[in-house]
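# Results of the structural survey
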2 protein chains.
Amino acid sequence: MSDIRLELSATDGAARTGILRTPRGDIRTPAFMPVGTAATVKAMLPQSVRETGADILLGNTYHLMLRPGAERIARLGGLHTFMDWQRPILTDSGGFQVMSLAGLRKITEEGVRFQSHIDGHAEFLSPERAMEIQRLLGSDIQMVLDECPALPAEKAAIEASLSLSMRWARRSKDAFGEQPGRACFGIVQGGTFADLRQRSAAALRQIGFDGYAVGGLAVGEPQSAMFETLEATVPHLPADRPRYLMGVGKPDDIVGAVERGIDMFDCVLPTRSGRNAQAFTWDGPLNLKNARHAEDGSPLDPACRCPACRQFSRAYLHHTVKSGEIIAAMLLTWHNLAFYQDLMASLRGAIAVGELVVFAAGFRARYGRQKPDHPADFPE
Amino acid sequence: MSDIRLELSATDGAARTGILRTPRGDIRTPAFMPVGTAATVKAMLPQSVRETGADILLGNTYHLMLRPGAERIARLGGLHTFMDWQRPILTDSGGFQVMSLAGLRKITEEGVRFQSHIDGHAEFLSPERAMEIQRLLGSDIQMVLDECPALPAEKAAIEASLSLSMRWARRSKDAFGEQPGRACFGIVQGGTFADLRQRSAAALRQIGFDGYAVGGLAVGEPQSAMFETLEATVPHLPADRPRYLMGVGKPDDIVGAVERGIDMFDCVLPTRSGRNAQAFTWDGPLNLKNARHAEDGSPLDPACRCPACRQFSRAYLHHTVKSGEIIAAMLLTWHNLAFYQDLMASLRGAIAVGELVVFAAGFRARYGRQKPDHPADFPE
């Protein structure tokens with residue numbers, strides 16, 4: 001019996017909604033996890049992240065192991081205390097970031113040798129070390145170390161990588177051991193090959209995990225390929241375990257993935273965009289650098305409850321963006337996280353009443369409609 | 001009868017405490033005004049500034065006239081609505097910033113021609129335009145345009161500058177005219193020359209202002225010279241009007257100026273320092289970059305009620321400073337503003353009970369004690 005428990009309350013097609021119960025708090029699913037890379041969701045205080053509706057954060061093993069270090073965080077009482085977030089935290093294994101260090105890392109059966117991007121010193125990450133770091137951080141949901149190959153790739157390369165990832169998944173699970181109240185998730189790999197995804201899912205089920213992630217997507221392939229891969233993968237995952245699509249994504253990616261049975265998401269998009277003047281709305285993304293906002297006294301979104309929308313005009317957001325003021329990053333990050341959580345709440349509600357198809361169609365019709373503020377469209 | 005009214009509740013030596021009543025809210029004096037240069041107190045939401053105890057903000061005419069422009073702010077409902085601060089705002093005249101544009105500005109009897117630091121376009125500021133901008137912004141307390149000569153300077157130069165400033169003061173007051181609910185403050189100049197300061201004070205009293213500022217100090221002279229100048233100036237200001245020491249200062253500057261009868265202060269030090277890893281405490285300034293904080297699980301100040309102190313350790317502040325995270329600027333700015341407001345509350349309390357001398361002595365004994373974290377002391 002897992003220490004975290006998914007209680008489904010409704011399904012609608014392949015989609016489902018419910019609550020993932022953990023000792024540190026309930027997580028309403030489908031859930032979006034804001035990314036708190038270096039023990040902070042950038043430009044936000046933790047209570048503000050909570051106010052947007054977030055039930056769980058993601059922390060990055062790679063960044064935290066390098067600075068301030070997992071052992072140091074453990075001595076300081078663990079990641080929850082360190083960053084003052086007492087609700088659940090999921091940590092990745094560090095694999096994705098390390099694999100991205102092309103030329104600076106070497107993968108062997110044992111693990112990955114790499115150089116710190118901060119000071120260049122030599123580091124080593126193995127399945128055992130990745131799990132040890134996550135244990136030291138005090139993570140509630142710990143991810144196995146896997147290899148995440150860049151797409152497109154030859155099937156043989158994907159297959160070899162998958163085999164390594166499945167051996168590492170076994171070692172990760174063994175290293176996780178028994179941690180009361182904490183969970184360990186496996187990660188399905190296999191690129192966009194349905195047979196490899198299914199082989200991966202079977203191998204992970206054989207090991208037995210508290211939840212199952214789908215990794216290696218949203219790395220450059222078209223959205224249709226991502227959705228097809230989900231359709232080929234999700235039916236092979238246990239229905240009573242949470243399913244997590246890693247690193248996804250844009251609002252329309254999330255809607256499509258929820259329709260295909262995904263329960264959990266994480267992505268830097270709302271926070272990174274907020275620091276780059278981009279705001280998500282039901283009409284699509286807006287770019288507040290655009291001069292057309294300079295005299296617009298109306299709110300970003302009159303229905304949104306975040307401070308950016310309740311207290312300020314588009315003109316103010318434009319002014320602070322143009323002036324390089326920190327408050328622009330603070331307000332737009334807050335708004336974007338609120339928008340993402342509002343989207344998740346809408347998806348949960350639509351599933352609850354059995355109208356997800358209708359909601360998703362309405363979302364796509366409206367969200368794609370407005371494209372005047374593409375990030376590249378800076379008339380000033 | 002002025003539209004703002006100083007109600008003194010206690011005096012202690014030259015110091016006094018009370019409430020400056022304005023239609024937009026009461027200002028407890030002695031008061032510290034956080035600086036909201038470009039329509040934002042940097043790295044803070046307005047409700048957070050209020051939570052620190054601030055009753056009034058300062059806005060900068062120079063920055064706002066250049067971006068987003070006074071007429072634009074007026075069209076958007078005024079500065080209070082634009083930046084969502086419904087309490088009093090004092091605006092400077094823009095003079096100090098313009099005078100600092102050495103080589104880029106030309107002073108005549110009429111006013112100052114200068115080039116925008118943002119895009120280099122030609123601008124003009126006269127007493128009439130400075131007051132018009134402040135009226136458009138909707139400022140509650142408007143400052144006359146004056147010339148602020150750099151110290152040290154020849155007495156003849158200071159005297160000539162003072163004469164110009166007094167002519168501009170008259171034109172500023174005439175341009176201010178009648179604005180129900182709003183106040184106009186004169187600015188005493190005269191360098192560190194007691195006779196010039198007294199001549200300036202007499203000239204301003206002759207014109208008649210709602211409050212009297214002391215300008216041209218804290219521009220490089222020793223603290224003792226500033227204090228001596230205050231001692232020579234304050235007795236020549238009307239006792240029933242607020243006295244404002246512009247651009248000051250360090251905590252010990254403020255304590256000494258309150259002892260000498262000053263009621264209002266503004267300074268970028270707490271906010272700028274907060275963005276540069278420096279925190280003010282009763283033991284003096286700390287620099288959070290310092291490696292000795294890396295494993296320190298204790299709070300910055302266990303008695304402080306701000307989020308930086310209540311929710312996080314010195315180790316966390318150190319980590320986020322070293323990582324260049326925005327939350328470090330947010331937390332340290334909040335702390336510094338809270339410290340400044342706590343200092344003002346302590347000064348008001350000490351005056352109320354007639355023990356300012358004792359408080360000030362205790363402050364100086366403790367504040368000067370610790371010097372290990374000088375800003376230049378970065379052992380890492």
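Residues numbered from 1 in each chain as written. Chains lettered and ligands numbered in written order. Predicted model: local features only at pLDDT ≥ 70, side-chain atom pairs only at ≥ 80, totals over all residues.

### Topic: the domain arrangement of chain A
All names here are of chain A. The domain architecture assigned to chain A consists of domain 1 (5-266) and domain 2 (273-367). One C-alpha centre belongs to domain 1, the other to domain 2; they are set 27 Å apart. Those elements that provide at least two residues to the side of domain 1 that touches domain 2 are strand 1 (5-12), strand 2 (15-22), strand 4 (31-33), helix 1 (46-51) and helix 10 (251-259). If you tally residues by element for the side of domain 1 that touches domain 2, the top one is helix 10, at six residues. In terms of residue class, the side of domain 1 that touches domain 2 is built from 14 nonpolar, six polar and six charged. (Domains from an automatic or database assignment. Helix = DSSP H or I, 4+ residues; strand = E, 2+ residues; numbered from the N terminus. Nonpolar A, V, L, I, M, F, W, Y, C, P; charged D, E, K, R; others polar.)

### Overview of the sheet that holds strand 13 (residues 243-245) of chain B
Residue and element names in this part refer to chain B. Read from one edge of the open sheet, eight strands run 4-14-13-12-11-10-6-5, paired in parallel fashion. Since the sheet does not close on itself, it has two edges, and those belong to strand 4 (31-33) and strand 5 (57-59), each with one partner. Within this sheet the neighbouring strands show an average axis-to-axis angle of 25°, counted without direction. Here helix 8 (residues 194-207) sits on the sheet in contact with strand 11 (183-188) and strand 12 (211-214), set at roughly 160° to strand 11. (Pairing = 2+ DSSP bridges. Axes fitted to C-alpha atoms, helices over the stretch in contact; angles between N-to-C directions. Contact = placed C-beta atoms within 7 Å.)

### A word on the interface of chain A and chain B
Taken together, the 33 residues of chain A in the interface contact 33 residues of chain B. Residue classes in the side of chain A that touches chain B are distributed as 17 nonpolar, eight polar and eight charged.

### Topic: the relation of the copies chain A and chain B
One copy of the chain maps onto the other through a rotation about an axis followed by a shift along the same axis. Mapping chain A onto chain B leaves a residual RMSD of 0.0 Å; the transformation is a rotation of 180° accompanied by 0.0 Å of translation along its axis. These values place the two chain copies in the arrangement generated by a two-fold rotation axis. Relative to the rotation axis, the closest C-alpha in chain A is found at A:Ile326, a distance of 3.9 Å. (Least-squares fit on C-alpha atoms with pLDDT ≥ 70 in both.)

### What about the environment of A:Gly208?
Considering the arrangement of structural elements, one finds A:Gly208 in the loop between helix 8 (194-207) and strand 12 (211-214). Along the sequence, A:Gly208 and A:Phe185 sit 23 residues apart, while their C-alpha atoms lie 9.0 Å from each other.

### Notes on the nonpolar core
A:Phe185, A:Leu317, B:Phe185 and B:Leu317 are the most contacted members of the largest nonpolar core, which totals 230 residues. Beyond its immediate stretch of four places on either side in the chain, A:Phe185 contacts A:Ile141, A:Met143, A:Phe209, A:Asp210, A:Gly211, A:Tyr212, A:Ala213 and A:Tyr244. (Core = buried A, V, L, I, M, F, W, Y, C linked by C-beta atoms within 7 Å. Buried ≥ 20, exposed ≤ 12 C-beta atoms within 10 Å, placed from the backbone.)

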